[in-house]
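# Coordinates in review
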Amino acid sequence: VTQGPRVREFEEKFAAYVGAPHAIAVSSCTTALHLALIVAGIQAGDEVICPSMSYIATSNSILYCGARPVFAEVEPGTYNIDIGHVRGLITPKTRAVLLVHQMGMPADIDAYSELCGKAGLVLIEDAACAIGSAYKGNRIGSHTDLACFSFHPRKVITTGDGGMITTRREDHADRLRLLRQHGMSVNDRARHESREVIFEDHLEVGYNYRMTDIQAAVGIKQLEKLDWIVSERRRIALAYNEAFTGIDCIRVPAEPVDRFSNFQSYSLYIGEDAPLSRNELMARLLEKGIATRRGIMTSHRTTAYHRIFGSLSLPISEDLSDRSIILPLFAGMKEEETGHVIDSVLRLVGKRSGPVPGRRRGRERTEEARKEP
């Protein structure tokens, strides 16, 4: 039941899907991030740069190692961390950059790989939302030594809860497998399948971060549907883009031409000149039967982090968090449902001021340039 043959099968199929040599299944993306930081050598007193605008698990995983998260600003268009700000945050204590692919939108991995290489830093990808997304034609999970994925119910595919770490390094893979099961020298499956008596040792202090075979069996079937799910999500997201582009008080998500997003979430930015505030818009949409979510949280403004770090100002992250609304988007969402969302937002916020010349042709050219992996 716990970490048996289905886990191994899920790992093999996941690695093949993303194009990574190794995949290690764990109990959540949070535990994946914790283990990735450990094998990367992050220790107490180190600094790790990451966005505050991310679910709090991103920065919590750094604190688990006794290290200190250093929060970077994000780009207004993609919501991914701003490399210019990251450069200015590097100190002699900096050991790594934890790069979040926000809402499934890939960050500029090559730029960060170059930066980290020159600065002698480890690059770790928080790919919690990015299964099925791609950067420059290759799926997320194939580019760096450590990428961490989530199978939480709000993600594109789910195992109820669970996570995965992909790596190109065999030594990382071996140690990750050791750490996820109490540092045990022989895993349960190997002991149960053996025809000889085996006594295990515990080689280092590890954790109970295992995925169950029950979860993995669900994950295997979910993985078979992933391409269809991503295609559906992109269809809906592009319909939203088409409807909302050109409205002065709204900004749609930016997708650079060398990126391919799974659109794990679709976030609209509501400008100051909108007739309704973000919160008022959410309330009015709920009256119409449309449930929305607020923009992505900022960890530095939580009570827990304020107690640790005191006051910290990240105006871009705070503005995006406070003025963004996440619209309904799920595989199997019907056209009439998508139309209801679009019509309701347009009626409440206001129709576009006029067509953008060449917008459709430009979008079609962009879609042709953006290769699906």
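You'll find the structure just up there.
The text that follows walks through the structure, step by step, so that each part is easy to find. (Residues numbered from 1 in each chain as written. Predicted model: local features only at pLDDT ≥ 70, side-chain atom pairs only at ≥ 80, totals over all residues. Heavy atoms only, no water.)

### Overview of the nonpolar core
In terms of nonpolar packing, the biggest core is built from 52 residues, with Phe10, Phe14, Val97, Tyr112 and Ile131 touching the most fellow members. Apart from residues no more than four positions distant in its own chain, phenylalanine 10 is found in contact with Phe151, Thr159, Met164, Met211, Ala216, Gly219, Ile220 and Leu223. Within the second largest apolar cluster, 33 residues are counted, among which are Ala32, Ile38, Cys50 and Tyr305. (Core = buried A, V, L, I, M, F, W, Y, C linked by side-chain atoms within 4.5 Å. Buried < 20%, exposed > 50% of the residue type's maximum accessible area, 1.4 Å probe, protein only. Contact = heavy atoms within 4.5 Å.)

### Brief notes about the side chain of serine 52
For serine 52, the position within the fold is in the loop between strand S2 (47-51) and helix H3 (57-64). At 2.7 Å, the side chain of serine 52 forms a polar contact with the side chain of histidine 300. Every residue in contact with serine 52, bar those within four places of it in the chain, is listed here: Phe71, Ala72, Met297, Thr298, Ser299, His300 and Leu314. (Helix = DSSP H or I, 4+ residues; strand = E, 2+ residues; numbered from the N terminus. Polar contact = N/O pair within 3.5 Å; in protein donor to acceptor, adjacent residues only side chain to side chain.)

### Digging into the sheet that holds strand S14 (residues 324-327)
In space, the 4 strands of this open sheet follow the order S10-S12-S14-S13, with antiparallel pairing throughout. The two strands at the open ends of the sheet, each matched to only one other strand, are strand S10 (250-251) and strand S13 (293-294). The sheet contact formed by strand S12 (residues 266-270) and S14 spans 4 bridges and is antiparallel. Residue pairing across strands places leucine 268 opposite isoleucine 325, the latter belonging to S14. Sitting on the sheet, helix H8 (residues 213-244) is in contact with S10, S12 and S14, with an inclination near 20 degrees to S12. (Pairing = 2+ DSSP bridges. Axes fitted to C-alpha atoms, helices over the stretch in contact; angles between N-to-C directions.)

### Some thoughts on the sheet that holds strand S6 (residues 134-135)
The 3 strands lie next to each other as S7-S6-S11, forming an open sheet whose pairing is antiparallel. Two strands close off the open sheet at either side, each with one partner strand: strand S7 (138-139) and strand S11 (259-260). For S6 and S11, the ladder comprises 2 bridges, and the chain directions are antiparallel. When the sheet's bridge partners are listed, alanine 134 is paired in S11 with phenylalanine 260.

### Remarks on the side chain of glutamine 3
In this fold, glutamine 3 is placed in the segment before helix H1 (5-18). Among the polar contacts listed, one links the side chain of glutamine 3 to the side chain of arginine 180, at a separation of 3.2 Å.

### Section: H1
For H1, with 14 residues, the first-to-last C-alpha span of 20 Å sits near the 20 Å given by 1.5 Å per residue. Within the span of H1, buried status applies to Val7, Phe10, Glu11, Phe14, Ala15, Tyr17 and Val18. Axial view of H1: buried residues confined to an arc of 160 degrees, hence all on one face. Of the exposed residues in H1, the ones pointing more than 90 degrees away from its buried face are Glu12 and Ala16. Of the surrounding elements, those touching the buried residues of H1 are strand S1 (22-26), S7, strand S8 (147-150), strand S9 (163-167) and H8. Positive phi appears at glycine 19, one or two residues downstream of H1, with a value of about 90 degrees. (Expected span 1.5 Å × (residues − 1). Arc of directions from axis to C-beta.)

### Some points on the pattern of salt bridges
Across all of its chains, the model carries 21 salt bridges by this definition. Notably, a salt bridge pairs glutamate 204 with arginine 175, separated by 2.9 Å at the nearest N-O pair. Here arginine 175 lies in helix H6 (residues 170-179) and glutamate 204 lies in the loop between helix H7 (188-193) and H8, a separation of 29 residues in the sequence. Residue class for arginine 175 comes out partly exposed when judged on its relative accessible area of 31%. In this structure, arginine 323 and glutamate 272 form a salt bridge, with 3.7 Å as the shortest nitrogen-oxygen distance. Of this pair, arginine 323 sits in helix H11 (residues 315-323) while glutamate 272 sits in the loop between S12 and helix H9 (278-287), and the two are 51 residues apart along the sequence. Shared partners join several salt bridges into a network, and the residues in it are Arg6, Glu9 and Lys13. (Salt bridge = Lys/Arg side-chain N within 4 Å of Asp/Glu carboxyl O.)

### A closer look at the packing of aromatic side chains
Tallied over the entire structure, the rule returns 11 aromatic pairs. Ring centres of tyrosine 207 and tyrosine 209 lie 5.0 Å apart, and the angle between their planes is 15 degrees; on these two criteria the pair is classed as stacked. Using a relative accessible area of 14% as the deciding quantity, one classes tyrosine 209 as buried. Grouping aromatic residues by their ring pairs yields a cluster made of Phe10, Phe14, Phe149 and Phe151. (Phe/Tyr/Trp six-rings, centres within 6.5 Å; stacked < 30°, edge-to-face > 60°.)

### A closer look at unusual backbone geometry
Peptide bonds are, in most cases, trans, and in most cases residues other than glycine have a negative phi. Residue glutamine 3 is not a glycine yet carries a positive backbone phi of 50 degrees. In this model, histidine 182 sits at a positive phi of 60 degrees, which is unusual for a non-glycine residue. Among the secondary structure elements, histidine 182 is positioned in the loop between H6 and H7.

### Things to note about helix H5 (residues 109-119)
Among the residues making up H5, those that are buried are Ile109, Tyr112, Leu115 and Cys116. Summarising the axial view, the buried residues of H5 lie within an arc of 130 degrees, below the 170-degree limit, and thus occupy one face. Opposite the buried face of H5, at more than 90 degrees from it, the exposed residues are Gly117 and Lys118. Two residues or fewer past H5, glycine 120 is found with a positive phi of approximately 70 degrees.

These figures come from the coordinates and say nothing about function on their own.
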